[in-house]
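Understanding the architecture of this molecule
Now for the letters of each chain:
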Amino acid sequence: MEFQIGVIKGDGIGPEIVTEAQKVLDAIADKFGHKFNYQEVLMGGCSIDAYGVPLTEETIEVCKKSDAVLMGSIGGNTSTSPWYKLPPEKRPEAGLLGLRKALNLFANLRPAYLYEELKEACPLRDDIIGDGFDMMIMRELTGGLYFGKRETKEVDGLMTAVDTLTYNEEEIRRIAKRGFDIAMKRRKKVTSVDKANVLDSSRLWRKIVEEVAQDYPEVTLEHMLVDNAAMQLVKDPKQFDVILTENMFGDILSDEASMVTGSIGMLSSASLNDTKFGLYEPSGGSAPDIAGQGIANPIATILSAAMMLRYSFDLDKEADAIESAVKSVLKQGCRTIDIMPQDPAKRSAVRQVGTEEMGDLICSNL
Ligand code: NAD
């Protein structure tokens, strides 16, 4: 099959890690007989340097015409980079927000998977970790409290601030559908997280999620209150498959879930709209402290490319191949600097590799 992929390498380590992900995609194309056509565009700091703005119409158009977009990361050192002397709407991050909006990316997907070989980076006890966990957080990204009306004013002589949390049934239905679709590709369980004992928005959320569940009889649905979900994530993370939740709860829970898996260099992510299109990127930033040194971990970006194959192109076998190759390379004891064991005694059992070598190793293990 043939696919068009928009490529935004971005700033800092972005070009280094995206190059490795493209290398792995090309190896997949060779092995499975596909063709991936890349069109590279600028966004973020590099776009400011070239065009004076973090996001151009051309970049938006190329992304819209692509089947999916693979991105590195954008931004620079926020204390020293001249990009951060610009007004907020002209800074690198404004480009990403603008692109998400232009592409209507309302669903954010973040897997939290604990690799056997990286168990020691997990702050949970061994008996809780067991043989690891593998969950996916599906967070609504464009509604709720962060996008509601807000104001601060004086009421009866007291400064008073108001934020509003609004969801309509369509916004809930479209994210719920994406959540159930993802569950169908996994272990077929959805945990919908809300605060339905208190909030009207959560009661509507629960009602619509139950309606959507009717169309997915193979998927088990359970509801969980957000305070309990925060506890369960550290008490028994193995129970979760897909966690489906609204914007603010997802913001908090996805950070909690990623913390229990260890390194930022391993965490992939996807932002989806209501078509097959998606923007795939590592969860971490542009890491200006290590940019250009050839030591960044490309695995999060490579796993993001695997998500692209699975969720935008329906190439599940190919995505499985990448994920297994990553596991094999870790099993062989190869580590980038960020996932080297802290314990000096355990360091001798592994070998430190750079960005490029990690990409090559994953290709040769496909
Ligand atoms: P960061 O994620 O870039 O870095 C935090 C720490 O993690 C650093 O020590 C870095 O070296 C390390 N790290 C991150 N990714 C790594 C990788 N792949 N391999 C090895 N180590 C890795 O966060 P920050 O320093 O707070 O932000 C730097 C810049 O990135 C800022 O401009 C910020 O706005 C931007 N940012 C961009 C995105 C994005 O593009 N979506 C996300 C977060 C931050």
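One can find the structure itself at the top, above this paragraph.
Report follows, based on the coordinates.

Cut-off values and rules
Residues numbered from 1 in each chain as written. Predicted model: local features only at pLDDT ≥ 70, side-chain atom pairs only at ≥ 80, totals over all residues. Heavy atoms only, no water. Near = heavy atom within 4 Å. Polar contact = N/O pair within 3.5 Å; in protein donor to acceptor, adjacent residues only side chain to side chain. Areas by Shrake-Rupley, 256 points an atom, 1.4 Å probe, with all protein chains shown as cover. Nonpolar A, V, L, I, M, F, W, Y, C, P; charged D, E, K, R; others polar. Pairing = 2+ DSSP bridges. Helix = DSSP H or I, 4+ residues; strand = E, 2+ residues; numbered from the N terminus. Axes fitted to C-alpha atoms, helices over the stretch in contact; angles between N-to-C directions. Contact = heavy atoms within 4.5 Å.

Around the ligand sit 22 residues in total, of which Gly-76, Glu-93, Gly-285, Ala-287 and Asn-297 are the nearest. Contact between the ligand and Gly-76: an oxygen atom at 2.6 Å from a main-chain N or O atom of the residue. Between the ligand and Ala-287 there is a distance of 2.7 Å, counted from an oxygen atom to a backbone nitrogen or oxygen. Within the complex, the protein chains bury 68% of what would otherwise be the 820 Å² of accessible surface of the ligand. Grouping the constituent residues of the shell around the ligand by class yields nine nonpolar, nine polar and four charged.

Taken in spatial order, the 10 strands line up as 2-1-3-12-11-4-5-10-8-9 in an open sheet, and their pairing is mixed. Both edges of this open sheet fall to strand 2 (35-40) and strand 9 (220-225), since each of them pairs with a single strand only. Strand-to-strand twist across the sheet, computed as the mean angle between neighbouring axes with direction ignored, equals 25 degrees. By the bridge criterion, three bridges tie strand 4 (residues 107-113) to strand 11 (residues 268-272) in an arrangement that is antiparallel. Residue Ala-107 lies in a different strand from strand 11, and its bridge partner there is Leu-272. Where helix 4 (residues 92-102) meets the sheet, its contacts fall on strand 1 (2-10), strand 3 (68-73), strand 11 and strand 12 (278-282), and the angle it forms with strand 12 comes to roughly 150 degrees. With respect to the sheet, helix 7 (residues 200-213) is in contact with strand 5 (134-140), strand 8 (189-194), strand 9 and strand 10 (242-245), its orientation differing from that of strand 9 by roughly 170 degrees.

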